[in-house]
Structures are given as C-alpha cells and as structure tokens.
Amino acid sequence: MAQTPSPSLPQADGRNPATLGFAAALTAFLIWGGLAPVFFKQLGNVGAVEVVAHRVLWTVVLVGLWLVPTRGLSGILRGVGSWRRLGIFLVTTALIGSNWTIFIWAVNNGHMVQSSLGYYINPIINVLLGIAFLQERLSKRQGVAVLIAAAGVLSLVLSYGEVPWVALSLALTFGVYALVRKKAAIDPLIGLLVETVLLVPPAIAYLLWLNAQGLGSFGAHGLGTDLLIILTGPVTAIPLVLFMVGAARLKLSTIGILQYISPTGQLLLGVAVYGEAFTSSHLLAFGCIWVALALYSADALFTHRAARAEARAEQARAAACRAD
C-alpha cells in the first residue's frame, strides 16, 4: 500500500522523484529477496529465536538513533497515542515477531522455497482479509485469480500429504499484521520502533537465560558472527525505509508489481544456490500462483488506468463548464 511521505524520510530534491522512488523500492525488494535470506543463512549456527532477539535489540538502537532526534520523544509518544492503541501495538508486535522467527527458521532449515511460496500467497491473503474485514469487493477477474491461487495451494497440500505450514504461517502472520496496521493507521517507522521496544524485555530475558546456560552466541563464535548479529538491525530497518521512500513516490500498481521480486529471489536462491527440491508439484502450485498474480495485477492496472482516465475526463468536463 502506498504511503505518504514521513517527516523522518529523506525527501526527493531532484526533478524526477519517481526515479528515486523506483530505485529505492527496487533496492528494498532486492534486499528482501536476495540479501536478507543469504544474510540470515550465515547465522545458521545461531538459533532462530536468538537471532530474532538480537534483531530486536539492534533494530531498536538503529531506529531509535534516527527517530529520537527527528521526531522527538513527544512525537514518538503521540504515535502510540493511548492505552487502546498500545494494545494494538501488542498485537502487531506478536505478529511480526512470529513472522520473523518463522522466516529465519525456514531459511536456516532448508525451507526457502516454501518461504517464497508464503510471500507469493501473501497478496492473495491480503485480498481475502480486505473482503472479510474492510468490505472490499472483487471484480470477476480478481475472484478467478483468488480461486486459481487457492487451487495451487490445495494441489501442494495434496501432493505433500500435509499442510505447507511455513508458507501459510508467513502469509497469514504478515497479512494480518498489514491489516491491523492499516486499520490503526500506524506510522511505519514509529510502529517499527514501538514494536521492537515492546519485544526488548523478552528478548533481553531470553538472551540472559541463554548466557546463563552457556548457550549464548554473541562473543562465542568469533568476530564474524558478532558482526553479523549487529548487522541484523540495519538489515531490518534499511529496506523498510527504502520501501517507504519508494511507496511515497510511485503508483500503487508499480509497487504491486515490484513486490514479487522478493519471493522470486527467495525461490531462485532456494533451488539454484541451496539445492532445495523443486518438484512437479511445486511447479503446479507456483504456476497457479503466478497465473493468479498476473491476472490480479493486470486487472488492478486496468482498473487504475480506467480510474485515472475517468478523473481526467471529469476535470476536462469541469474546465469546459467553467469556460462556458
């Protein structure tokens, strides 16, 4: 979903902000689809929950150093707003924490292909949640796209003989996370800071417990591992900021197409680099998802162009009336 520019984001001062937006969004999706899986794969000797705990702490440090000087503590507190809104943040915190943990576990346990399936499914989940909770409606072509995607997932379930829980968990946790954030109109960066701050107490408690058991990884596996752990903060925050820069300057349809770079990168890495299986069952399921996404994206693009054409026509009629 396109977002309005935030005061904390760098503003375009060139004559073509769309170029900056495209470069920023493209970089964000390349990081999510290429760099991030490879990066977290290098932390395979660190447990997924421990990685998430460190990711929380270093993200708080990085985002806090950025937001406190630019927004001020009062601005951040206004972003929280009320006890009810804090309750909403608790929900989003649980969802994004679960999503991060599942993703890192999947990357380090040979499930990158299934992880990519989850992020291919995610737009379809968003559609279904929009229908269920936001009273959004589907066109006939969009409805057909959803059915094709569902058929692809069902075919994979039947071929596996079990539910692809990694893919569905990633899609559902991120889909519900996006839904709650949309309904609550949460500022992206303040939201990330608050969510990670809420995770700090359990993260610190878990890391202290690990160290007490002699199982902590920080300082135990060499400088290289320690540096990777520290870099979990930038790997989390930088692509999000780049995405917001792009989303503020690009059409929603452009962002919608670019978002498929991430799961495509994960799929290619899983199969070509890490040797994960890609069977005929995978091909059938992914084929259905790709067809569904192409159909849905084409319909969204057509609708967007039709709406713009209607708006221009309305402006022309208004101008003609004023001239008369």
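Per an unreviewed UniProt entry, the chain goes by EamA family transporter RarD and derives from Azospirillum aestuarii. Looking at the chain in UniProt, the text filed under Subcellular location (unreviewed entry) is "Cell membrane". The Sequence similarities (unreviewed entry) comment attached to the chain in UniProt states, word for word, "Belongs to the EamA transporter family."

Notes on a nonpolar patch on the surface
Taken together, the side chains of Trp105, Val163 and Trp165 present a nonpolar region at the surface, about 300 Å² in accessible area. Assignment of secondary structure puts Trp105 in helix H3 (residues 83-108). For Trp105, a relative accessible area of 31% gives the class partly exposed.

Quick look at the packing of helix H7 (residues 188-212) against helix H9 (residues 232-247)
Contact geometry of H7 with H9 gives a least axis separation of 10 Å together with a crossing angle of 160 degrees. The angle between H7 and H9 places the two elements in the roughly antiparallel class. Viewed along their axes, H7 and H9 form a crossing whose handedness is right-handed. Side by side, H7 and H9 meet where Pro188, Leu189 and Leu192 of the first sit next to Leu240, Val241 and Met244 of the second. Broken down by class, the residue content of the contact of H7 with H9 amounts to six nonpolar, no polar and no charged.

Section: the UniProt feature "domain: EamA" (unreviewed entry) in the chain
Those places that UniProt annotates as "domain: EamA" (unreviewed entry) correspond, in this numbering, to residues 20-157. Taken as a whole, residues 20-157 contains 88% helix and 0% strand, while its terminal C-alpha atoms sit 41 Å from one another.

Here's the deal with the packing of aromatic side chains
The relative placement of two aromatic rings is captured by the distance of their centres and the angle of their planes. Using the criterion set out here, one finds 14 aromatic pairs in the structure. Ring centres of Phe29 and Phe243 lie 5.9 Å apart, and the angle between their planes is 80 degrees; on these two criteria the pair is classed as edge-to-face. With Phe29 in helix H1 (residues 17-41) and Phe243 in helix H9, this pair connects stretches of sequence that are 214 residues apart. You'll find Phe29 and Phe243 in the same group, each marked buried. Measuring from centroid to centroid gives 5.8 Å for Tyr120 and Phe286, while their planes differ by 90 degrees, and the two rings are edge-to-face. Taken together, the positions of Tyr120 in helix H4 (residues 112-133) and Phe286 in helix H12 (residues 280-323) put the pair 166 residues apart, joining distant regions of the chain. Under the relative-accessibility criterion, Phe286 is labelled buried at 0%. Joined through ring pairs, the aromatic side chains of Phe39, Phe40, Phe103, Tyr119, Phe174 and Tyr177 make up one cluster. Arg55 extends its terminal NZ or CZ atom over the ring of Trp100, reaching a point 4.2 Å from the ring centre.

Rules used throughout
- Residues numbered from 1 in each chain as written.
- Predicted model: local features only at pLDDT ≥ 70, side-chain atom pairs only at ≥ 80, totals over all residues.
- Heavy atoms only, no water.
- UniProt positions renumbered as here; feature names shortened; annotations may be inferred.
- Patch = residues over 30% accessible without salt bridge, like charges linked within 9 Å, V, L, I, M, F, W, Y side chains within 5 Å.
- Areas by Shrake-Rupley, 256 points an atom, 1.4 Å probe, with all protein chains shown as cover.
- Salt bridge = Lys/Arg side-chain N within 4 Å of Asp/Glu carboxyl O.
- Helix = DSSP H or I, 4+ residues; strand = E, 2+ residues; numbered from the N terminus.
- Buried < 20%, exposed > 50% of the residue type's maximum accessible area, 1.4 Å probe, protein only.
- Axes fitted to C-alpha atoms, helices over the stretch in contact; angles between N-to-C directions.
- Parallel < 35°, antiparallel > 145°, perpendicular 65-115°, else oblique.
- Left-handed = near helix turned anticlockwise from the far one by under 90°.
- Contact = heavy atoms within 4.5 Å.
- Nonpolar A, V, L, I, M, F, W, Y, C, P; charged D, E, K, R; others polar.
- Phe/Tyr/Trp six-rings, centres within 6.5 Å; stacked < 30°, edge-to-face > 60°.
- Lys NZ or Arg CZ within 6 Å of the ring centre and 35° of its normal.

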